[in-house]
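Each chain, written out:
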Amino acid sequence: SETKKIAVISGDGIGPEVVAEAQKIIKVTEEVFGYSFTMEHALFGGIAIDEKGTPLPEETLQVCKSADAVLLGAVGGPKWDNNSKELRPETGLLGIRKELGLFSNLRPAVIFDCLKDASTLKPEVLEGTDLMVVRELTGGIYFGEKFRREGAGGEEAVDTCVYNVSEVERIVRQAFEIAGKRRKKLASVDKANVLETSRLWRETVNRIAPEYPDIELEHVLVDNCAMQLLRRPSSFDVIVTENMFGDILSDEAAMLTGSIGMLASASMGEGSYGLYEPVHGSAPDIAGQGLANPIATILSVALMYRLTFGYAEAADAIERAVAEVLDAGHRTSDIAADKSKALSTTEMGDLIAKAIRKS
Ligand code: NAD
Ligand code: IPM
Ligand code: MN
């Protein structure tokens, strides 16, 4: 088949460690399924600040734009935490999402049966949980005007939260479409009892809803949603919400699966182009020690195959291989009951690669 191009931006901390395992999986699927990929690496995040003086160098953006999809590790770390906004790794992450028009961040949280004990929640509460957070990614308080000023009480800091109707419409439509292909339930999460942006959000959802009569819609206030996610996680199917609420709720949803090291994500625009990354960050506390769980990044490759390339067979094979390896009792330390028996990042990647070869 035709050669596809993947831009690989590993970033900082455990980013390069988990991305190396994901690349291992990509190579195995080339052998097994006959795909052909070129992978072009580019500097991004803290390492790009150190080497190029900016978290998102122009050439990195070009590498991403010229590719069919982007594989991203994670960025950030204590070394850059006190930098000014322009020289922060996280600013690069927001920039790349905006520049590539990736307004829709899909974060599926699926419970692997054998991992029910790895979660801090009771297994019977988790039973049947299979949800997807659809997070708006290029608007809201992350991107509104920010400034400092002198006020009566001393220095003031201002972050503004802005959404326009078309930004809400496009993400909500995607969420309705996704729900239509799943269990046909959509929870729209907002804070419409307080925030004007949330009131516009809810009005827009209600205006669009009649176009999707087969989808069961509920509006949930974000504080209640945070609680319901722990009380009745299995009752959720698709959750659609604005940028910051989605950031927070998806980390919460990650713990349903046992570890944030398990949660994959896809960031999409209108077409099939996408950026794929684990939900977790650069985990400076475990970086460089071979302790990171690579499954979130490996499952992000499965999302890439499904959503950008339409390689459903390989996506299934990856997801099956992960389930098989977990079923056989293999664990990295974040999900291991007995940490002394935990596997390293590369051992986990190798086992998943082997399981795909056998499939
Ligand atoms: P984090 O997700 O990096 O880590 C939170 C906790 O989860 C840590 O204890 C870490 O060891 C653990 N963890 C995370 N990923 C893991 C994995 N794959 N396997 C095992 N354990 C894992 O969040 P944080 O500590 O709040 O942030 C660290 C840095 O990462 C910050 O600079 C932050 O801005 C950045 N960050 C980046 C991204 C991204 O690049 N998309 C996302 C979140 C945070
Ligand atoms: C994420 C991260 C980022 C976000 C940060 C690092 C900018 O937490 O991808 O979830 O808040 O979007
Ligand atoms: Mn986050």
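A quick note: this is a predicted structure, and the numbers were derived from the prediction, not measured.

> I would appreciate a short explanation of the overall build of the protein chain in the present structure.
The secondary structure content of the protein chain amounts to 12 helices and 12 strands. Against the 2.2 N^0.38 benchmark of 21 Å for 359 residues, the protein chain shows a C-alpha radius of gyration of 20 Å, consistent with a compact globule. Put simply, 75% of the contacts in the protein chain that link residues at least 6 apart link residues at least 24 apart.

> Is there a simple way to think about the domain arrangement of the protein chain in this case?
How big an interface is tends to be expressed through the accessible area that disappears when the partners come together. Domain parsing of the protein chain yields domain 1 (1–105 + 264–359) and domain 2 (120–256). Here domain 1 and domain 2 have C-alpha centroids that lie 24 Å from each other. Across the contact, nine residues belong to domain 1 and 14 residues belong to domain 2. If you list the elements that add at least two residues to the side of domain 1 that touches domain 2, you get helix H4 (89–99) and strand E4 (104–110). When residues in the side of domain 1 that touches domain 2 are grouped by element, the largest group, three residues, is from H4. Among the residues making up the side of domain 1 that touches domain 2, the classes are represented as four nonpolar, three polar and two charged.

> Is there a simple way to explain the UniProt feature "site: Important for catalysis" (unreviewed entry) in the protein chain in this structure?
Here, the residues flagged by UniProt with the feature "site: Important for catalysis" (unreviewed entry) are Tyr142 and Lys191. Note on placement: tyrosine 142 falls in the loop between strand E5 (130–136) and strand E6 (146–151). Here tyrosine 142 is in contact with Leu94, Asn243 and Met244, once residues within four sequence places are set aside. Setting aside residues no more than four positions away along its own chain, lysine 191 makes contact with Ser198, Leu221 and Val222.

> I'm lost on the sheet that holds E5 in this one. Help?
Note on sheets: strands pair through backbone hydrogen bonds, and any given pair is parallel or antiparallel. Taken in spatial order, the 10 strands make up an open sheet running E2-E1-E3-E12-E11-E4-E5-E10-E8-E9, and their pairing is mixed. The outermost strands of the open sheet, each flanked by one partner alone, are strand E2 (36–41) and strand E9 (216–221). This sheet shows a mean twist of 25° between the axes of neighbouring strands, independent of strand direction. Bridge count for strand E3 (residues 69–74) against strand E12 (residues 274–278) is three bridges, and the pairing is parallel. Counterpart to alanine 69 in the pairing with E12 is glycine 274. Contacts from helix H9 (residues 243–256) reach E4, E5, strand E8 (185–190) and strand E10 (238–241), with the element oriented near 155° to E5. With respect to the sheet, helix H10 (residues 295–309) is in contact with strand E1 (3–11), E3, strand E11 (264–268) and E12, its orientation differing from that of E12 by roughly 160°.

> I'm lost on the site of ligand 2 in this one. Help?
Neighbouring ligand 2 are the residues Gly76, Glu90, Leu93, Leu94, Asp247, Val279 and Gly281. Among the elements that take part in the shell around ligand 2, H4 stands out by supplying three residues, more than any other. When its residues are assigned to classes, the shell around ligand 2 shows three nonpolar, two polar and two charged.

> Is there a simple way to explain the pairing of E1 in this structure?
The two faces of a sheet get side chains in turn, since along a regular strand they alternate between them. The sheet contact formed by E1 and E2 spans six bridges and is parallel. Residue threonine 3 lies in a different strand from E2, and its bridge partner there is serine 36. Handedness of the E1-helix H1 (residues 15–33)-E2 crossover: right-handed. Summarising the sheet, E1 and E3 pair through five bridges and their orientation is parallel. Across the sheet, isoleucine 9 pairs through a bridge with leucine 72, a residue of E3.

> Mind showing me how you'd approach helix H7 (residues 196–208) here?
Two residues of an α-helix separated by three or four positions point the same way, owing to the 3.6 residues in each turn. The end-to-end C-alpha separation of H7 is 19 Å, in line with the 18 Å expected for 13 residues at 1.5 Å each. Buried within H7 are the following residues: Thr197, Ser198, Trp201, Thr204 and Val205. Angularly, the buried residues of H7 cover 125° about the axis, an arc narrow enough to put them on a single face. Contact partners of the buried residues in H7: helix H6 (165–180) and E8.

> Got a minute to help me understand the packing of H10 against helix H11 (residues 312–327) in this structure?
Helix-helix packing is described using two parameters, namely the angle between the two axes and the distance between the axes. Across the interface, H10 lies against H11 with an axial gap of 7 Å and an inter-helix angle of 160°. Comparing their axes, H11 and H10 come out roughly antiparallel. Two packed elements cross with a definite hand, and for H10 against H11 that hand is left-handed. Here H10 contributes Ile295, Ile298, Leu299, Val301, Ala302, Tyr305 and Arg306 to the contact with H11, which in turn contributes Ala312, Ala314, Ala315, Ile318, Glu319 and Val322. Among the residues forming the contact of H10 with H11, the class breakdown is 11 nonpolar, no polar and two charged.

Definitions and limits used
- Residues numbered from 1 in each chain as written.
- Chains lettered and ligands numbered in written order.
- Predicted model: local features only at pLDDT ≥ 70, side-chain atom pairs only at ≥ 80, totals over all residues.
- Helix = DSSP H or I, 4+ residues; strand = E, 2+ residues; numbered from the N terminus.
- Rg over C-alpha atoms; globule rule 2.2 N^0.38 Å.
- Contact = placed C-beta atoms within 7 Å.
- Domains from an automatic or database assignment.
- Nonpolar A, V, L, I, M, F, W, Y, C, P; charged D, E, K, R; others polar.
- UniProt positions renumbered as here; feature names shortened; annotations may be inferred.
- Pairing = 2+ DSSP bridges.
- Axes fitted to C-alpha atoms, helices over the stretch in contact; angles between N-to-C directions.
- Near = placed C-beta within 6 Å.
- Right-handed = clockwise from strand over helix to strand, strands pointing away.
- Expected span 1.5 Å × (residues − 1).
- Buried ≥ 20, exposed ≤ 12 C-beta atoms within 10 Å, placed from the backbone.
- Arc of directions from axis to C-beta.
- Parallel < 35°, antiparallel > 145°, perpendicular 65-115°, else oblique.
- Left-handed = near helix turned anticlockwise from the far one by under 90°.

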